[in-house]
Amino acid sequence: MEAPPAQPQTEQSPLNVEKVEKQTLGMDMMRQDSQVRTQVEEFKEKVKKPAITTSLIIYSILNVIMLCVGGATVHDCPIKPIIPIYLIVAGVLGVVTKILPLINMKLLNSKIIERVLYALYLIEFIWMILGSVWIYSIYEPPYTPITDQPHCNKTAYLLAFWLLTLNYIFLLLVILIPCFAVCCICFCTMCLAANTQD
């Protein structure tokens, strides 16, 4: 019996080796990217529901407080009578825009209600801008009625002032945090790319 002929050993060219290394490196990076995405999605699911529920509860309570304070002081701000009305309308809009999505999601799942919600969000934003003009334009009014000088109820004015200020801070954070996250992701990606090239 004859031994099978020995197959000649072929040396891999440097181009083939480099090509295989690039493919392996690319697959490793894709695998790492996939793992990171999976971890991010798992984290989002863990954090998402308690954070949303907590913020909904806090904002709903604040909106009810706005509604009550605005209703209680509706005739107690002659310097700017629109401020208690601002509180009432902002409170009602806030409660409706917090509850309506839950009702729609759990019971109805209607596209019409989604469109109504978008319109209400726009109205709420416009109302916030108008409230800013009314409230910040008279900063800081007299709080107690002295003779014929117009005044504004301290609770109503300060509630409106600080809630508007907090809304602007929150809006700023909502814009800045994603921008910061994108910058961090880009920086980390560039660092990883630089490390894999070395």
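Residues numbered from 1 in each chain as written. Predicted model: local features only at pLDDT ≥ 70, side-chain atom pairs only at ≥ 80, totals over all residues. Heavy atoms only, no water.

Participant: Any details on the side chain of Thr165? Residues and values, ideally.
Facilitator: Mapping Thr165 onto the fold places it in helix α4 (residues 154-197). Here the side chain of Thr165 touches Tyr136 through a polar contact of 3.0 Å, side chain to side chain. (Helix = DSSP H or I, 4+ residues; strand = E, 2+ residues; numbered from the N terminus. Polar contact = N/O pair within 3.5 Å; in protein donor to acceptor, adjacent residues only side chain to side chain.)

Participant: Quick one: what's the story with α4, residue by residue and with numbers?
Facilitator: Relative to the 64 Å expected for 44 residues at 1.5 Å per residue, α4 spans 63 Å between its end C-alpha atoms, a close match to the ideal helical length. Within α4, burial applies to Ala156, Tyr157, Leu159, Ala160, Phe161, Leu163, Leu164 and Thr165. (Expected span 1.5 Å × (residues − 1). Buried < 20%, exposed > 50% of the residue type's maximum accessible area, 1.4 Å probe, protein only.)

Participant: Can you explain the state of the cysteines? Please cite residues and give values.
Facilitator: In this structure the tally under the stated criterion is 1 disulfide. Two residues share a disulfide in this structure: Cys77 and Cys152, whose sulfurs sit 2.0 Å from each other. Looking along the S-S bond of the Cys77-Cys152 disulfide, the torsion reads about -105 degrees, which is the left-handed sense. Separated by 75 residues along the polypeptide, Cys77 in the loop between α1 (14-72) and α2 (82-108) and Cys152 in the loop between α3 (111-136) and α4 bring together distant segments of the chain. For the residue pair Cys77 and Cys152, the accessibility class agrees, reading buried in each case. Summary of cysteine pairing: Cys191 is not part of a disulfide, and the nearest cysteine sulfur, belonging to Cys188, is at 6.4 Å. By relative accessible area, which is 32% here, Cys191 ends up partly exposed. (Disulfide = S-S within 2.5 Å.)

Participant: Residue-level account of the pattern of salt bridges, with values.
Facilitator: All chains considered together, the criterion is met by 1 salt bridge. Among the salt bridges present, the one from Glu124 reaches Lys98, with a minimum N-O distance of 3.9 Å. Here Glu124 is found in helix α3, whereas its partner Lys98 is found in helix α2, with 26 residues between them in sequence. (Salt bridge = Lys/Arg side-chain N within 4 Å of Asp/Glu carboxyl O.)

Participant: Any chance you could break down the packing of α2 against α3 for me, citing the residues and the numbers?
Facilitator: Relative orientation of the contacting elements α2 and α3 amounts to 160 degrees, with a least axis distance of 10 Å. Relative to α3, the element α2 is oriented roughly antiparallel. In this structure, the crossing between α2 and α3 has a hand that is left-handed. Of the residues in the contact of α2 with α3, the class split is 21 nonpolar, 4 polar and 3 charged. (Axes fitted to C-alpha atoms, helices over the stretch in contact; angles between N-to-C directions. Parallel < 35°, antiparallel > 145°, perpendicular 65-115°, else oblique. Left-handed = near helix turned anticlockwise from the far one by under 90°. Nonpolar A, V, L, I, M, F, W, Y, C, P; charged D, E, K, R; others polar.)

Participant: Mind laying out the side chain of Ser132, listing which residues take part and the relevant values?
Facilitator: With respect to the helices and strands, Ser132 occurs in helix α3. A residue is classified by how much of its surface remains accessible, and Ser132, at 10% relative accessible area, is buried. If we ignore the near neighbours within four places in the chain, the residues touching Ser132 are Ser137, Leu164 and Tyr168. (Contact = heavy atoms within 4.5 Å.)

Participant: How would you summarise the confidence of the model for the protein chain if you had to cite specific residues and measurements?
Facilitator: For the protein chain, mean pLDDT is 82; residues scoring 70 or higher make up 74% of the total. No element of the protein chain has a lower mean pLDDT than α1, at 72, and none a higher one than α3, at 92. (pLDDT = per-residue confidence, 0-100.)

Participant: Account for the packing of α2 against α4, naming residues and giving values.
Facilitator: Between α2 and α4, the least distance of the axes is 10 Å, while the angle of their chain directions is 55 degrees. With respect to α4, the axis of α2 lies oblique. Helix-helix and strand crossings are classified by hand; for α2 and α4 the assignment is left-handed. Facing Ile83, Tyr86 and Leu87 of α2, the residues of α4 in contact are Ala156, Tyr157, Leu159, Ala160 and Leu164. Of the residues assigned to the contact of α2 with α4, the class counts are 8 nonpolar, no polar and no charged.

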